[in-house]
Amino acid sequence: MAPNLFEKRFVIVAGKGGVGKSVVCAALGLVAARRGLRTCIAELNTREKAPLFFGKPPSGYAYQEIYPNLFSINILPDPALREYGLMKLRFERVYKLVFENEAMKRLLKVIPGMNELFLLGKAFNMEREKRRDGRPLWDLIIVDAPATGHGVSLLRLPDTILKVADAGPMAEEVGAMRDLLLDPRRTLVNLVTLPEEMPVRETFELANQLEGQLRMPKGFLFVNGIWPELLSETDQGLVTALDAVLPPSEVRARAGVEGLAQMLERRRFQEAHLTELADHMPWPRVELPYLFRERFDLSAITLLADTLVSQLQALEGKAA
Ligand SMILES: Nc1ncnc2c1ncn2[C@@H]1O[C@H](COP(=O)(O)OP(=O)(O)OP(=O)(O)O)[C@@H](O)[C@H]1O
Ligand SMILES: [Mg+2]
């Protein structure tokens with residue numbers, strides 16, 4: 001059954017590099033914000049995309065409202081560590097003594113995964129951050145996870161750390177982080193892919209890891225970049241027929257026909273991958289069209305958001 005993504009507070013979007021994770025985060029964020037959820041897209045130590053889609057400048061490690069009800073932040077390791085240190089140690093002076101000590105700084109740099117831990121830690125803190133009146137600061141946090149390999153090690157980090165340090169304040173903190181990642185009431189992991197060879201392979205692998213070792217709550221599979229069905233079957237037959245009879249001297253007509261044939265073939269390749277995904281991955285699936293755009297701006301995100309809404313409704317209908 002399809003889960004309700006907008007009832008969770010910690011929604012992770014993962015997938016191979018370049019498949020459209022940030023685009024999907026933006027579209028989800030727009031849908032949530034329009035529904036009145038106070039939403040924040042958390043990018044993790046990357047070149048920010050979220051603000052750009054909404055026509056805003058990058059804001060670094062600071063919440064910026066990029067659309068009514070929708071915010072974004074780029075979680076960077078240094079300020080995340082500083083914030084964490086200050087939160088735990090309370091006093092700037094003590095913090096400086098501990099964390100700005102050169103030896104300590106060097107130590108933190110060489111402990112593997114330490115930077116990532118602070119990235120995840122900030123996102124984790126966002127989930128429990130409260131407003132003055134006690135309500136959660138965020139109704140929804142959308143975590144734009146790093147590309148596959150990094151994403152998995154990031155999500156596995158709490159487990160990895162707990163294996164070597166299973167007692168003390170650090171273990172308590174990391175344990176709570178792991179609890180959040182495994183909690184189906186709050187957390188949902190979604191995957192993004194393209195209907196192409198490599199992304200589909202990596203998606204299977206990622207899904208295996210999520211279901212196997214990580215055991216995190218499964219959400220949706222977003223298949224991005226789907227080409228339109230260009231022609232009906234009859235018209236496709238006409239293209240083939242034309243291709244056979246057009247003489248080589250008809251240069252422009254031939255180029256047109258060959259271009260069309262190429263596009264049809266691409267769409268057929270995609271269909272094969274879509275079938276493969278449907279056969280091997282029983283996740284609720286949302287299909288997003290390829291948009292022939294020069295720039296990915298608010299109008300493109302809006303289009304994808306609208307497609308998303310109608311497909312989520314269809315999935316809810318199916319589940320009901
Ligand atoms: N549906 C689509 N139609 C056309 N182009 C798209 C679509 N989705 C994404 N793109 C293009 O692909 C680019 C990469 O998308 P995006 O930044 O969301 O990928 P990503 O998975 O977040 O990449 P990275 O792993 O580098 O963070 C976008 O800037 C956009 O130009
Ligand atoms: Mg991205």
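*Asks:* Would you mind showing me how to read the overall build of the protein chain here?
*Replies:* A tally of helices and strands in the protein chain yields 12 helices and 8 strands. With respect to the principal axes defined by its C-alpha atoms, the protein chain has extents near 80 × 45 × 40 Å. Within the protein chain, buried positions represent 45% of all 320 residues. Contacts spanning at least 24 positions in sequence make up 72% of the contacts within the protein chain whose residues lie at least 6 apart. Accessible area for the protein chain stands at about 16,600 Å²; split by element, carbon and sulfur atoms hold 55% of it. Between the mean site of the 41 positive side-chain charges and the mean site of the 41 negative ones, the protein chain shows a separation of 7 Å.

*Asks:* Is there a simple way to explain the packing of aromatic side chains in this structure?
*Replies:* Each aromatic ring pair is described using two quantities: the centre-to-centre distance and the angle formed by the ring planes. The tally for this structure, following the rule as stated, stands at 8 aromatic pairs. A ring pair is formed by Phe 71 and Trp 138, whose centres lie 5.2 Å apart and whose planes are at 65°; its orientation type is edge-to-face. Within this pair, whereas Phe 71 is found in strand β4 (residues 70-75), its partner Trp 138 is found in the loop between α6 (114-128) and β5 (140-144), the two being separated by 67 residues in sequence. The burial state of Phe 71 is the same as that of Trp 138; both residues are buried.

*Asks:* What is the right way to read the pattern of salt bridges from this model?
*Replies:* In a structure, side chains of opposite charge can pair up when their charged atoms sit close to one another. With the rule as written, the count across this model stands at 19 salt bridges. Here Arg 201 makes a salt bridge to Glu 276, at a shortest N to O gap of 3.0 Å. Note that Arg 201 is positioned in helix α9 (residues 197-214) and Glu 276 in helix α11 (residues 251-280), a separation of 75 residues in sequence. Notably, a salt bridge pairs Arg 267 with Glu 271, separated by 2.6 Å at the nearest N-O pair. Of this pair, Arg 267 and Glu 271 are both found in helix α11, 4 residues apart, which corresponds to roughly one turn of the helix. Classification of Glu 271 by relative accessible area gives partly exposed; the value is 30%.

*Asks:* Any chance you could explain the environment of Glu 287 here in plain terms?
*Replies:* Tracing the chain through its elements places Glu 287 in strand β8 (residues 285-289). Along the sequence, Glu 287 and Leu 274 sit 13 residues apart, while their C-alpha atoms lie 9.4 Å from each other. Discounting chain neighbours no more than four positions away, the residues touching Glu 287 are Val 223, Ile 226, Leu 274, Thr 307 and Gln 311. Side chain to side chain, Glu 287 and Arg 285 meet in a polar contact 3.4 Å long.

Criteria and cut-off values
- Residues numbered from 1 in each chain as written.
- Chains lettered and ligands numbered in written order.
- Predicted model: local features only at pLDDT ≥ 70, side-chain atom pairs only at ≥ 80, totals over all residues.
- Heavy atoms only, no water.
- Helix = DSSP H or I, 4+ residues; strand = E, 2+ residues; numbered from the N terminus.
- Buried < 20%, exposed > 50% of the residue type's maximum accessible area, 1.4 Å probe, protein only.
- Contact = heavy atoms within 4.5 Å.
- Areas by Shrake-Rupley, 256 points an atom, 1.4 Å probe, with all protein chains shown as cover.
- Lys, Arg positive; Asp, Glu negative; His and termini not counted.
- Charge placed at Lys NZ, Arg CZ, Asp CG, Glu CD.
- Phe/Tyr/Trp six-rings, centres within 6.5 Å; stacked < 30°, edge-to-face > 60°.
- Salt bridge = Lys/Arg side-chain N within 4 Å of Asp/Glu carboxyl O.
- Polar contact = N/O pair within 3.5 Å; in protein donor to acceptor, adjacent residues only side chain to side chain.

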